[in-house]
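Each chain is listed here by its residues.
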Amino acid sequence: MYISGFRYRGLTMAVPANVLALGMVSLVTDISSEMVTAVLPYYAVLVLGLSPLAYGLLDGLYFGVTAVVRLAAGHAADRWQRRKLVAGLGYALSAVCKLGLMAAGGSVGLLGAVVAADRTGKGLRTAPRDALISLSASPETQGQSFGVHRAMDTVGAFLGPLAAFAVLGATGAYDVVFVVSFAIAVLGVVLLVLYVREQPPVVVPGPAVRPRVTLALLREPRFRGICLLAAGLGLVTVSDPFVYLLLQKGTGIAPEHFPLLPLGTAAVYLLLAVPVGRLADRWGRVPVFMLGHVALVCVYALLGGGAPYWLVLGVFGFFYAATDGVLMAAAGPLLPAHLRTSGLALLQTGQAVARMLCSIMYGAAWTFFGPVPGLVVMGAGIVACLAFWKVVR
């Protein structure tokens, strides 16, 4: 089923109803998630007193836990042909973890355990959700459909920090932020149950869905190449909290305004997600993905050079518009429908493991050498990955 008449800058687009429903679930869930994400770096580093290295380990845990869970979730969703069910379990687990953050109090160990559980929920839901989007859209409109979904998701990312800022301004209590975040996350689960439709089961002759069948997807040269490119670039992609901590450190932004920093990134991402997705459909999804990482090198240079915060956030927003949904749109059509979730989970797992290692390495570099030398190394790594890809292609 398609909903016609969705317009963007005068262009009419047909968007599958399931994509819009998943976009609404992500919008609401991202309000909840970004309420926590917006305050967690400041809370951990400046309230609990974690060093950059300790926060790097915590942030690495954020990515690392999802790496293990994504493969299991993708395998289960394809084997049972129940992508909506697996995604729903992930959304529900993340919702419960918002209350766990309140229970953790000032305990770093408990905070790490709750973050791990929350990331388990994200690992469960991401690949099945992206598989539902990919299977709901035609091969020619993958970039557009992911762009629409990511744009709706980014509305939530835009509203989440505003909600956290408002709650903190009214109460001054982090616990209240976590409770409100929980209530909004529950609404996201309800929307998923009511409005998202499972795709019809895909039955094909041959071996059942097993881990070795999933790993065999890497024999396809184009899919293997995308996996290697994403993992290599993930290894030199500094995570968002470090970017915002560097901005706060370099510009002297007041602590109470820290939750608002992601808004600049989200605003640009929201404006560009759909047109960049359409550009990727026409120009090529992998070239656009690579262009996004050129923008990330610019972000590193701007951070190291003390550029104004609005410029850094604007370029950072373009990076996400050109990489997040575009990567899934590039990989999805290369995978058979009955293994779509497992294949996307395999891709996301490699990227998550790489980003986990990057968080730990950058946290250590900041602690021992300062923030700028680490940015130089990461920027050089991106350039090397892009150059290597051009050579081997």
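Small disclaimer: the values here were computed from a predicted structure and weren't measured. Per chain, residues are indexed from 1 in the order of the written sequence. Totals for whole chains, interfaces and linings use all residues, but because this is a predicted model, local features are given only for residues with pLDDT of at least 70 and pairs of side-chain atoms are given and counted only at 80 or more. The basis for every side-chain value is the complete set of heavy atoms in the structure, and neither hydrogens nor water enter the calculation.

Undergrad: An account of the packing of aromatic side chains is needed here, citing residue identities and associated values.
TA: Ring pairs shown here join Phe, Tyr and Trp side chains whose ring centres sit within 6.5 Å, with only the six-membered ring taken for Trp; geometry is labelled stacked below 30 degrees between planes, edge-to-face above 60, and tilted in between. Following the criterion strictly, the structure yields eight aromatic pairs and no others. Relative to Tyr362, the ring of Phe242 has its centre 5.2 Å away and its plane inclined at 75°; by these criteria the two rings are edge-to-face. In this pair, Phe242 sits in helix 9 (residues 240–251) while Tyr362 sits in helix 14 (residues 340–369), placing the two residues 120 residues apart along the sequence. Residue exposure (1.4 Å probe, protein chains only): buried if accessible area is under 20% of the type maximum, exposed if over 50%, otherwise partly exposed. A relative accessible area of 1% means that Tyr362 is categorised as buried. Between the aromatic rings of Phe242 and Trp366, the centroid separation amounts to 5.9 Å while the plane-to-plane angle is 55°, which identifies the pairing as tilted. Here the residue Phe242 occupies a position in helix 9, and Trp366 occupies one in helix 14, the gap between them amounting to 124 residues. Note on Phe242: relative accessible area 1%, which makes it buried. A run of H or I in DSSP counts as a helix once it spans at least four residues, and a run of E counts as a strand once it spans at least two, with each numbered from the N terminus.

Undergrad: Mind laying out the side chain of His149, listing which residues take part and the relevant values?
TA: As for its placement among the helices and strands, His149 is situated in helix 5 (residues 142–171). On the accessibility criterion, His149 (0% relative accessible area) is buried. Throughout, a contact is declared for two residues whenever any of their heavy atoms are within 4.5 Å. Apart from residues no more than four positions distant in its own chain, His149 is found in contact with Val19, Leu22, Gly23, Ser26, Arg129 and Ile133.

Undergrad: If you had to explain the pattern of salt bridges to someone new, which residues and values would you point to?
TA: Here, a salt bridge means any Lys or Arg side-chain nitrogen found within 4 Å of an Asp or Glu carboxyl oxygen. Per the stated rule, a full pass over the model turns up seven salt bridges. When the shortest N-O distance is used, the salt bridge between Arg285 and Asp281 registers 2.7 Å. The structure contains a network of salt bridges with shared partners spanning Arg129, Asp130, Arg150 and Asp324.

Undergrad: Tell me about the nonpolar core, residues and numbers included.
TA: For soluble globular proteins, nonpolar side chains are generally found buried alongside one another. We call a set of buried Ala, Val, Leu, Ile, Met, Phe, Trp, Tyr and Cys residues a nonpolar core when their side-chain atoms join them within 4.5 Å. Counting residues in hydrophobic clusters, the biggest one holds 83 residues, and the most contacted among them are Phe223, Val238, Tyr244, Leu303, Phe316, Leu347 and Tyr362. Ranked by the residues each element gives to this core, the list is headed by helix 11 (residues 285–304), at nine residues. Residues within four places of Tyr244 in sequence aside, it is in contact with Phe258, Leu261, Pro262, Thr265, Leu313 and Phe316. Val39, Leu40, Val114 and Val167 belong to the second largest nonpolar core, which has 16 residues in total.

Undergrad: Give a description of the environment of Phe388 that names residues and reports values.
TA: Looking at the element boundaries, Phe388 is found in helix 15 (residues 371–392). Overall, Phe388 belongs to the exposed group, its relative accessible area being 55%. As a C-alpha pair, Phe388 and Leu229 span 159 residues in sequence and 9.3 Å in three-dimensional space.

By themselves, these are just geometric observations and shouldn't be taken as functional.
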